[in-house]
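As a plain string of letters, each chain reads:
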Amino acid sequence: MKGEIEKSMGLERVQKILAKAGIASRREAERIILEGRVTVNGRIIQLGEKADPEKDHIKVDGKRLPRPEPKITLVLHKPRGYLSTVKDPKGRPTVMDLLGKIKWRLYPLGRLDFDAEGLLLLTNDGEIAYRLTHPKFSISRTYWVKIQGVPGEKKLELLKKGIQLEDGLAKAHSVHLLREREKNSWIQITLTEGRTHLVKRLFAAIGHPVLKLKRIEFGPIRLGNLPVGHFRFLTPEEQEQLRRLKAA
Ligand code: URA
């Protein structure tokens, strides 16, 4: 419990901070501390003491440690026609092209297909990436999907009961018909896993190919009215919600 609280406050053993900053190996860092060459906020520290690398002034031989990159998570409204990867060998547009002056190295969390749009999170925060993508957290992803034809109640029930796909059983957490037209319909579907093309494969399996796909929620994060192609930072409340996520 104490460890958890310290971690959420950003506290780490100073030898680990020095090693991460590339000052020395963990062993050497311990020696440097024992030699009394390390201060935190002006005070010489003992081996085993902890500090927050983002907030505390840590010095070795009087020289300030470079600040670590701040932890950043962005919510992007990915447009269709962009890849949710960092680079494309074929030179197609990627979501990185939409980040303007953002200078941190961020990574997309969970793919959205080239022809899909909607909520995509990008982060350099390993803890958030882990919590949002590891299957044990069963994070929900909600999509609005335009499909060919109008499925009856039985077909939607099938999605909830589970469908055997080539890589195993897949189940929707919830499915609702939002709007029906003569030749197509809009469905809201929530899944709790992120296998490749899962929404498209599920609807193909019940005979209603996907025409359009938009992700509107990822765990506690909502797309809201963020314009297409724009991004925003997580709010402090959203960051807190992500920290509180528990394994299923
Ligand atoms: N399911 C899909 O089929 N495509 C996506 O982009 C996301 C989920």
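What counts and what doesn't
Residues numbered from 1 in each chain as written. Predicted model: local features only at pLDDT ≥ 70, side-chain atom pairs only at ≥ 80, totals over all residues. Heavy atoms only, no water. Helix = DSSP H or I, 4+ residues; strand = E, 2+ residues; numbered from the N terminus. Contact = heavy atoms within 4.5 Å. Near = heavy atom within 4 Å. Nonpolar A, V, L, I, M, F, W, Y, C, P; charged D, E, K, R; others polar. Buried < 20%, exposed > 50% of the residue type's maximum accessible area, 1.4 Å probe, protein only. Salt bridge = Lys/Arg side-chain N within 4 Å of Asp/Glu carboxyl O. Core = buried A, V, L, I, M, F, W, Y, C linked by side-chain atoms within 4.5 Å. pLDDT = per-residue confidence, 0-100. Phe/Tyr/Trp six-rings, centres within 6.5 Å; stacked < 30°, edge-to-face > 60°.

Thoughts on the side chain of D88
Alright, step 1. The topology assignment puts D88 in the loop between β7 (73-78) and β8 (107-109).
Alright, step 2. Excluding anything up to four places from it in sequence, D88 contacts L83 and T94.

Points about the site of the ligand
Alright, step 1. Looking at the ligand, the residues that line it are L112, D113, A116, Y143, H197, L198, V199, K200 and L213.
Alright, step 2. Here the residues of the shell around the ligand are counted per class, giving six nonpolar, one polar and two charged.

Re the environment of L65
Alright, step 1. Examined against the element boundaries, L65 turns out to sit in the loop between β6 (63-64) and β7.
Alright, step 2. For L65, a relative accessible area of 9% puts it in the buried group.
Alright, step 3. It is 52 Å that separates the C-alpha atoms of L65 and I187, two residues lying 122 residues apart in sequence.
Alright, step 4. Setting aside residues no more than four positions away along its own chain, L65 makes contact with I17, L18, A21, I23, I58 and V60.

Quick word on the pattern of salt bridges
Alright, step 1. Scanning all chains against the criterion turns up 21 salt bridges.
Alright, step 2. Linking E12 and K16 is a salt bridge whose minimum nitrogen-to-oxygen distance equals 3.9 Å.
Alright, step 3. With a relative accessible area of 17%, E12 lands in the buried category.
Alright, step 4. A residue is classified by how much of its surface remains accessible, and K16, at 33% relative accessible area, is partly exposed.
Alright, step 5. With its nearest N and O atoms 3.2 Å apart, the salt bridge here joins E117 to R80. A residue pair is termed long-range when its members are at least 10 positions apart, and E117 in strand β9 (residues 117-123) and R80 in the loop between β7 and β8 qualify at 37 residues.
Alright, step 6. A single network of salt bridges, built from pairs that share partners, joins E166, D167, E193, R195 and R201.

What to know about the nonpolar core
The nonpolar side chains of a soluble globular protein tend to be buried with one another.
Alright, step 1. Counting residues in each nonpolar core, the largest one holds 32 residues, and the members touching the most others are V145, L159, I189, V199 and F203.
Alright, step 2. The set of elements that each furnish at least two residues to this core consists of β7, β9, β10 (141-148), α5 (153-161), β11 (163-165), β14 (184-191), α6 (198-205) and β15 (210-218).
Alright, step 3. Considering each element in turn, this core owes the most residues, four residues, to α6.
Alright, step 4. I128, I221, L223 and L226 belong to the second-largest nonpolar core, a separate cluster that totals 16 residues.

Regarding the confidence of the model for the protein chain
Low pLDDT marks stretches whose predicted atomic positions should not be read closely.
Alright, step 1. Summing up the model confidence of the protein chain, the mean pLDDT is 93 and the portion of residues at 70 or higher is 96%.
Alright, step 2. Ignoring residues within four places in sequence, the model shows residues 1-5, a span with pLDDT below 50, making zero contacts including any to other chains.

Regarding the packing of aromatic side chains
Alright, step 1. Overall, the coordinates contain one aromatic pair when judged by the stated rule.
Alright, step 2. A ring pair is formed by Y130 and F137, whose centres lie 5.6 Å apart and whose planes are at 80 degrees; its orientation type is edge-to-face.
Alright, step 3. On the accessibility criterion, Y130 (36% relative accessible area) is partly exposed.
Alright, step 4. Judged by relative accessible area, which is 10%, F137 ranks as buried.

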